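# Residue-level structure breakdown
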Amino acid sequence: RGDSWTLWLRPDGHDGFDFQAGQFAWITNESPFIFRENPFSFSTSSDRDDSLIGFTIKELGDFTSTIKHFEQGDTIYVDGPYGTFNLDEHYENRLVLIAGGIGSAPVLSILRTMRDRGREKPVIFFYGNPTRDSIIYREELEALEKSIDLKVVHVLERPPEGWEGEEGFISAEILKKHLPEDYKQWEYLFFLCGPMPMIEAVEGALKRLDVSSARIFSEKYEMA
């Protein structure tokens, strides 16, 4: 959906490695000694017990457009994990997750990990997309809202007829409408992931809402 594919990897000749939800890795299908790696966020739960890891990747360039042609048994080299934001370090905080398009990949890793751990603290996810049909994880998000204390706010640029949700882009007005009244408290952290223009716009919106930059973590997808 949305020109995106999920790549599942199983360790070959080793036990795999641990990562924390919200982190990313560099992957390539050529050679670990060729510096043409590509960075992608993990989209799977960090608490899986089968050693599988997964990346959800949108067709945005030369490498990403080849993902759909990978076949079972292909070798993929993974270098990681990396990333300054991770769920383990901020697990006790109240989290506001904000993503645009394929920026939802690390968010899904975070939400799936919360589900597997039985987290009870509330979390809000603002998710921007062009259309309803381009919402990559639409059905799974609906299921997650029933299994953890999750509120998903969809924001569509081109909503279908009869759409009752938010329209346009994720703005200060939309954020304030759905955030709890005490969002300015330091226990709230904001995690942003998406294209550079979206990140810059949302960072500006949060600043207008008096959210300190020290409470904002951004993963920009420009490099992918």
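To be clear, the structure that these remarks concern was listed above.
Residues numbered from 1 in each chain as written. Predicted model: local features only at pLDDT ≥ 70, side-chain atom pairs only at ≥ 80, totals over all residues. Heavy atoms only, no water.

### Observations concerning the pairing of strand 3 (residues 38-41)
Rules: Each residue is placed in one exposure class: buried if its accessible area under a 1.4 Å probe, protein chains only, is under 20% of its type's maximum, exposed if it is over 50%, and partly exposed if it falls in between. Labels follow the DSSP assignment, with helices taken as runs of H or I lasting at least four residues and strands as runs of E lasting at least two, numbered in each case from the N terminus. Note on pairing: DSSP must find at least two bridges between two strands before they are called paired.
Residues Asn38 and Phe40 line one face of strand 3 and the alternating positions Pro39 and Ser41 line the opposite face, and both faces are buried. Bridge analysis of strand 2 (residues 24-28) against strand 3 gives 4 bridges, and the strand direction is antiparallel. Bridge pairing in strand 3 places Ile27 opposite Asn38.

### Details of helix 1 (residues 104-117)
Which entries qualify depends on this criterion: Given a helix with a known number of residues, its expected span is that number minus one, times 1.5 Å.
Helix length check: helix 1, at 14 residues, gives a terminal C-alpha distance of 20 Å against a target of 20 Å (1.5 Å per residue), a fit within 8%. Restricting attention to buried positions, one finds in helix 1 the residues Ser104, Ala105, Pro106, Val107, Leu108, Ser109, Ile110, Leu111, Arg112, Thr113 and Met114. At the exit of helix 1 stands Gly118, carrying a positive phi of roughly 70 degrees.

### Here we look at the sheet that holds strand 9 (residues 166-167)
Defined as follows: Residues count as neighbours in contact if any of their non-hydrogen atoms are within 4.5 Å of one another. Note on geometry: axes are C-alpha line fits, over the in-contact stretch for helices, and angles between N-to-C directions span 0 to 180 degrees.
Read across the open sheet, the 6 strands follow the order 9-8-7-6-10-11; overall the sheet is parallel. The two strands at the open ends of the sheet, each matched to only one other strand, are strand 9 and strand 11 (216-220). Note: strand 6 (residues 94-100) against strand 10 (residues 188-194), 6 bridges, orientation parallel. Each residue of the ladder has a partner; that of Ile98, found in strand 10, is Leu192. Strands in contact with helix 2 (residues 138-147) are strand 7 (123-129) and strand 8 (150-156); relative to strand 8, the strand with the most contacts, it is inclined by about 150 degrees. Contacting strand 6, strand 10 and strand 11, helix 4 (residues 196-208) crosses the sheet at an angle of about 155 degrees to strand 10.

### Some remarks on the sheet that holds strand 3
The strands making up a sheet associate through hydrogen bonds between their backbones, and the pairing can be parallel or antiparallel. Reading across the sheet, the 3 strands line up as 3-2-5 and stay open at both edges, with antiparallel pairing between neighbours. Each edge of the open sheet carries a strand with a single partner, namely strand 3 and strand 5 (77-82). Along the sheet, successive strands turn relative to each other by an average axial angle of 30 degrees, direction set aside.

### Things to note about the packing of helix 1 against helix 2
Heads up, the condition is: A clockwise turn of the near helix away from the far one marks a right-handed crossing, whereas an anticlockwise turn of less than a right angle marks a left-handed crossing. Only Asp, Glu, Lys and Arg are considered charged, only Ala, Val, Leu, Ile, Met, Phe, Trp, Tyr, Cys and Pro nonpolar, and every remaining residue, Gly among them, polar.
Where helix 1 contacts helix 2, the two axes come as close as 10 Å, and the packing angle between them is 35 degrees. By crossing handedness, the relation of helix 1 to helix 2 is classed as left-handed. Each of Leu108, Leu111, Arg112 and Arg115 in helix 1 lies in contact with helix 2, whose residues at this interface are Glu140, Leu141, Leu144 and Ser147. Partitioning the contact of helix 1 with helix 2 into residue classes produces 4 nonpolar, 1 polar and 3 charged.

### A word on the pairing of strand 8
Defined as follows: We call a crossover right-handed when, viewed with both strands directed away from the observer, the connection leading from the first strand over the helix to the second proceeds clockwise.
Of all 7 residues making up strand 8, 6 are buried, and the element is well covered by its neighbours. Relative to strand 8, strand 7 is paired through 7 bridges, and the arrangement is parallel. What sits directly across from Ile124, in strand 8, is Lys151. A crossover links strand 7 with its parallel partner strand 8, the connecting element being helix 2, and its sense is right-handed. Inspection of the sheet shows strand 8 paired to strand 9 by 2 bridges, in the parallel sense. Considered in strand 9, the bridge of Leu156 is made with Glu167.

### Comments concerning the pattern of salt bridges
Two side chains that carry opposite charge are able to pair once their charged atoms sit near each other. Note the cut-off: When a carboxyl oxygen of Asp or Glu lies within 4 Å of a side-chain nitrogen of Lys or Arg, that pair is called a salt bridge.
The full count for this structure, using the stated rule, is 13 salt bridges. In this structure, Glu59 and Lys68 form a salt bridge, with 3.1 Å as the shortest nitrogen-oxygen distance. Taking relative accessible area as the criterion, Glu59 reaches 26% and is therefore assigned partly exposed. Taking the shortest distance from any N to any O, the salt bridge between Arg94 and Glu187 comes out at 3.1 Å. Here Glu187 lies in the loop between helix 3 (172-178) and strand 10 and Arg94 lies in strand 6, a separation of 93 residues in the sequence. If you follow the salt bridges from partner to partner, you end up with Arg112, Arg115, Asp116 and Glu140 in one network.

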